[in-house]
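Residue-level structural notes
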Amino acid sequence: MKNDDVSEGSRELVDLSAEAISSLGFHLSQVGQIISKSQLPPNKGDRSAAYKLKEKLDMYQGYTDEVQRRRNELEQKMAEDFARLKAWRAQSGTEGKGLVEELEALYGKVRQQDKEIKNKQKQIEEEQAKVAELNEAVALRDRKSDSLAKD
């Protein structure tokens, strides 16, 4: 797994929420201005406050649809990141474990590998001792054959 920042999606989601809240404030400000400037009945040729509010609502509704689309994309990205993280943790054998359990598992692996290394070293030492014995036996046989050849 490459070094992905899985919290990036969360930060983007927070930024998107802040942007949506700011937009809501702007929309409410527009609604307040329309209402404060409205009068009943409207002047001839002016659009009524209800019509102006409907226009602003339609614009805001379009914006919220876009925000929802972006939010869904971010949530999908976060779900994919989480799935990749879970797969990586499952592959490494640490899925569902806390930090302490992960450390204990790693210590267990280290102990196992240490035992294997000691066993291999013991086998190597035994094989080296056999080689040394065989070298001595060969040297003894060579000395005997040399002494017999001299006689």
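Described below are features of the structure shown in this document. Worth saying up front: this structure is predicted, and the values here are computed from it rather than measured. (Residues numbered from 1 in each chain as written. Predicted model: local features only at pLDDT ≥ 70, side-chain atom pairs only at ≥ 80, totals over all residues. Heavy atoms only, no water.)

Focus on the pattern of salt bridges
- Counted under the stated rule, the structure contains eight salt bridges.
- Between Arg-69 and Glu-73 there is a salt bridge, with its nearest N and O atoms 2.4 Å apart. In this pair, Arg-69 and Glu-73 are both assigned in helix α2 (residues 49–92), four residues apart and thus about one turn of the helix distant.
- Overall, Arg-69 belongs to the partly exposed group, its relative accessible area being 37%.
- Salt-bridge contacts for Glu-127 lead to Lys-130; the nearest nitrogen and oxygen are separated by 3.8 Å. With Glu-127 and Lys-130 both in helix α3 (residues 99–150) and three residues apart, this pair spans about one turn of that helix.
- We classify Glu-127 as partly exposed; its relative accessible area is 45%.
- In this structure Lys-130 comes out as partly exposed when scored by relative accessible area, which is 48%.
- Residues participating in the shared-partner salt-bridge network are Glu-66, Arg-69 and Glu-73. (Salt bridge = Lys/Arg side-chain N within 4 Å of Asp/Glu carboxyl O. Helix = DSSP H or I, 4+ residues; strand = E, 2+ residues; numbered from the N terminus. Buried < 20%, exposed > 50% of the residue type's maximum accessible area, 1.4 Å probe, protein only.)

Observations concerning the packing of aromatic side chains
- Tallied over the entire structure, the rule returns one aromatic pair.
- Here Tyr-60 and Tyr-63 contribute two aromatic rings whose centre-to-centre distance is 6.5 Å and whose plane-to-plane angle is 35°, an arrangement assigned as tilted. Taken together, the residues Tyr-60 and Tyr-63, both in helix α2 and three residues apart, mark about one turn of the helix.
- Judged by relative accessible area, which is 16%, Tyr-60 ranks as buried. (Phe/Tyr/Trp six-rings, centres within 6.5 Å; stacked < 30°, edge-to-face > 60°.)

Topic: α2
- Compared with an ideal rise of 1.5 Å per residue, which puts 44 residues at 64 Å, α2 spans 63 Å between its outermost C-alpha atoms and is within 8% of the ideal.
- Those residues of α2 that sit buried are Tyr-60, Val-67, Leu-74 and Asp-81.
- Buried residues belonging to α2 abut α1 (8–37). (Expected span 1.5 Å × (residues − 1). Contact = heavy atoms within 4.5 Å.)

All we've got here are geometric facts, nothing functional implied.
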